[in-house]
Amino acid sequence: MKCLKDFEADLNKCSKCGLCQSACPLFDLTQNECAVSKGKFIMLHGVATGRLKLSKNINKYIDMCLKCGKCNKFCPSGIDVTQILSVAKYEYMRTTFLGKVINFLMSKYVFGNFIKFGQIISKPFRPQKKAKEGLKVVYFKGCVNQICPHTDNYLNKIFKNHPIEIIEPDFECCGLPFLSEGNLERFEQTAKYNLGLLDRNFDYLVTDCASCESTISEYSKYFPEIKTVPDEKSVNWGNLIALRGIKFRFKKPVTVTFHKPCHLKNDYFLTKILENCENVNYVEMDNYDDCCGFAGSFGVKNRELSLKLSKKKAENIKKTNADYVITTCPSCVLGLKQGLIATCKTKVVSLLEFLAMGAEG
Ligand code: SF4
Ligand code: SF4
């Protein structure tokens, strides 16, 4: 397992140019240099070289990050903030009592069994699977869909008349919560377990969570020795629906807008899907790819900042006067809801929930 010392050269590459500040939503909100990668790297370089102690205060700034990766795209030195923060978190958590408690809660015995329990109690509410010949897709459900049966019902409606075989191995969580909390051993265990379940004889690995999709595609970054899924085979349901040219017809005219999750690789599918939707009017919101403010544990640890970001997003949604705001990440659904709550008529729905409303009967 890597340690912060291994990233000393990367941290040293930071030229303090400040370009990351122009991209970081948290710097924009707080004007605090420690909220953005530049300030975090200065602190962590001090830790890596032994001049600073990895203190509670530094940990506060490690946690003050959406892991949106927007700064990475601007950084001329190409420093990967998310990987460095995960390693820093790993070092901090190993030294604290709270870290040990959180790691226990994330273990297979607690977290893993909690998801298994959710699967069992939601089973009666899921549609019966009928064997179908056709495109062979492996569905990576993610934790939320393991517990909630709704998405299975939406997929059933959308693909009712389409030849597609959906295979659902007994995957674990994608591992993002473990990575964010610096539990790198658990992340490694999960990544290897998930990849071990793939028999490689499939057309696509599909998710409906942008964070799961991006985490799976990053397994190789953390574990170069393991064989991962090629990018062109790892897609989300939006890509697949667009590719199949599935048509949707809404009974009454509706206006929609779209929120692009930070972790969504691309949203080319949206235009194609909207072209195939009858009675749907699309209005693009300002800054449609700005963070929803939730960002997993960030939303719990940084409540005030999280709410401010969600409210900012809500203002842009309200201006569209849309009936629905659609997105492709269960965590973003929560972020959008916390911003919009009781303040506007726009309903937050996942892409699949929305399309199921217009699916052929
Ligand atoms: S990942 Fe996002 S929130 Fe974190 S420092 Fe970079 S731009 Fe800011
Ligand atoms: S953009 Fe990169 S090199 Fe410039 S200050 Fe930010 S982290 Fe450092």
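Residues numbered from 1 in each chain as written. Chains lettered and ligands numbered in written order. Predicted model: local features only at pLDDT ≥ 70, side-chain atom pairs only at ≥ 80, totals over all residues.

## Re the overall build of the protein chain
When its secondary structure is counted, the protein chain shows 21 helices and eight strands. Relative to the compact-globule value of 21 Å for 361 residues, the protein chain shows a C-alpha radius of gyration of 21 Å, a close match. Sorting the 361 residues of the protein chain into buried and exposed places 44% on the buried side. Partitioning the intrachain contacts of the protein chain with sequence separation of at least 6 by distance along the chain shows that 78% fall at a separation of at least 24. (Helix = DSSP H or I, 4+ residues; strand = E, 2+ residues; numbered from the N terminus. Rg over C-alpha atoms; globule rule 2.2 N^0.38 Å. Buried ≥ 20, exposed ≤ 12 C-beta atoms within 10 Å, placed from the backbone. Contact = placed C-beta atoms within 7 Å.)

## Structural notes on the domain arrangement of the protein chain
Its domain assignment divides the protein chain into domain 1 (4–92), domain 2 (108–240) and domain 3 (247–357). Here the C-alpha centre of domain 2 lies 30 Å away from the C-alpha centre of domain 1. With six residues of domain 1 at the contact, the number on the domain 2 side is six residues. Within the side of domain 1 that touches domain 2, the residues separate by chemical class into two nonpolar, two polar and two charged. (Domains from an automatic or database assignment. Nonpolar A, V, L, I, M, F, W, Y, C, P; charged D, E, K, R; others polar.)

## So, unusual backbone geometry
Phi at Gln 31 is positive, roughly 55°, even though this residue is not glycine. Along the chain, Gln 31 falls in the loop between helix H3 (25–30) and helix H4 (37–48). A tally of 10 C-beta atoms within 10 Å means that Gln 31 is categorised as exposed. With a phi close to 75°, Asn 279 is a non-glycine residue in the positive phi region. Inspection of the secondary structure puts Asn 279 in strand S6 (residues 277–282).

## Notes on the pairing of S6
By the bridge criterion, five bridges tie strand S5 (residues 248–258) to S6 in an arrangement that is parallel. Its bridge partner being in S6, Thr 255 is matched across the sheet by Asn 281. Regarding topology, helix H17 (residues 268–275) serves as the crossover connection from S5 to the parallel S6, and that connection is right-handed. (Pairing = 2+ DSSP bridges. Right-handed = clockwise from strand over helix to strand, strands pointing away.)

## Considering the site of ligand 2
Taken together, 15 residues are adjacent to ligand 2, and Cys 14, Cys 17, Cys 20, Lys 38 and Cys 75 come closest. For the shell around ligand 2, the secondary structure elements donating two or more residues are helix H2 (19–23) and H4. If you tally residues by element for the shell around ligand 2, the top one is H4, at three residues. Looking at the shell around ligand 2, its residues break down into nine nonpolar, four polar and two charged. (Near = placed C-beta within 6 Å.)

## Brief notes about the site of ligand 1
Taken together, 14 residues lie near ligand 1, and Cys 24, Cys 65, Leu 66, Cys 68 and Cys 71 sit nearest. For the shell around ligand 1, the secondary-structure elements that each account for two or more residues are H3 and helix H6 (70–74). Tallied by class, residues from the shell around ligand 1 come to ten nonpolar, two polar and two charged.

## A short note on the sheet that holds strand S1 (residues 135–139)
What the four strands build is an open sheet, ordered S2-S1-S3-S4; its pairing is parallel. In the strand order of this sheet, the two ends are held by strand S2 (164–167) and strand S4 (234–236), each with one partner. Going from strand to strand, the sheet's axes swing by 35° on average, the running direction of each strand aside. (Axes fitted to C-alpha atoms, helices over the stretch in contact; angles between N-to-C directions.)

## Considerations on the sheet that holds strand S7 (residues 324–327)
Strands sit in the order S6-S5-S7-S8 across an open sheet of four strands; the sheet is parallel. For this open sheet the edge positions go to S6 and strand S8 (347–350), each flanked by a neighbour on one side alone. For this sheet, the mean angle separating the axes of adjacent strands, direction not counted, is 45°.

## Some details on the nonpolar core
Counting residues in each nonpolar core, the largest one holds 99 residues, and the members touching the most others are Ile 158 and Val 206. With eight residues, helix H7 (residues 81–94) is the single largest residue contributor to this core. Sequence-distant contacts of Ile 158, defined by excluding residues within four places in its chain, comprise Ile 241, Ile 246, Leu 352, Leu 355, Ala 356 and Ala 359. (Core = buried A, V, L, I, M, F, W, Y, C linked by C-beta atoms within 7 Å.)

## Points about the environment of Gln 146
Tracing the backbone through its elements, the reader meets Gln 146 in helix H10 (residues 142–147). A residue is classified by how many C-beta atoms lie within 10 Å of it, and Gln 146, with 21 of them, is buried. For the pair Gln 146 and Phe 117, spaced 29 residues apart in sequence, the C-alpha to C-alpha distance is 9.5 Å. Dropping the residues within four chain positions of it, Gln 146 is found in contact with Ile 115, Gly 118, Gln 119 and Lys 141.

## Comments concerning the environment of Leu 179
Along the chain, Leu 179 turns up in helix H12 (residues 176–180). Assessed through the 26 C-beta atoms surrounding it within 10 Å, Leu 179 is described here as buried. Between the alpha carbons of Leu 179 and Lys 89 there is a distance of 8.8 Å; along the sequence they are 90 residues apart.

## Description of the environment of Tyr 61
Its location among the elements puts Tyr 61 in helix H5 (residues 56–63). Not counting chain neighbours up to four residues away, the residues in contact with Tyr 61 comprise Cys 34, Lys 40 and Met 43.

## Quick word on the packing of helix H19 (residues 303–320) against helix H20 (residues 330–340)
In contact at an axis separation of 7 Å, H19 and H20 are set at 80° when each is read in the N-to-C sense. With respect to H20, the axis of H19 lies roughly perpendicular. When H19 is examined against H20, the residues Leu 307, Ser 310, Lys 311, Lys 313, Ala 314 and Ile 317 are found in contact with a partner set consisting of Gly 335, Leu 336, Gln 338, Gly 339 and Leu 340. In the contact of H19 with H20, the residues fall into five nonpolar, four polar and two charged. (Parallel < 35°, antiparallel > 145°, perpendicular 65-115°, else oblique.)

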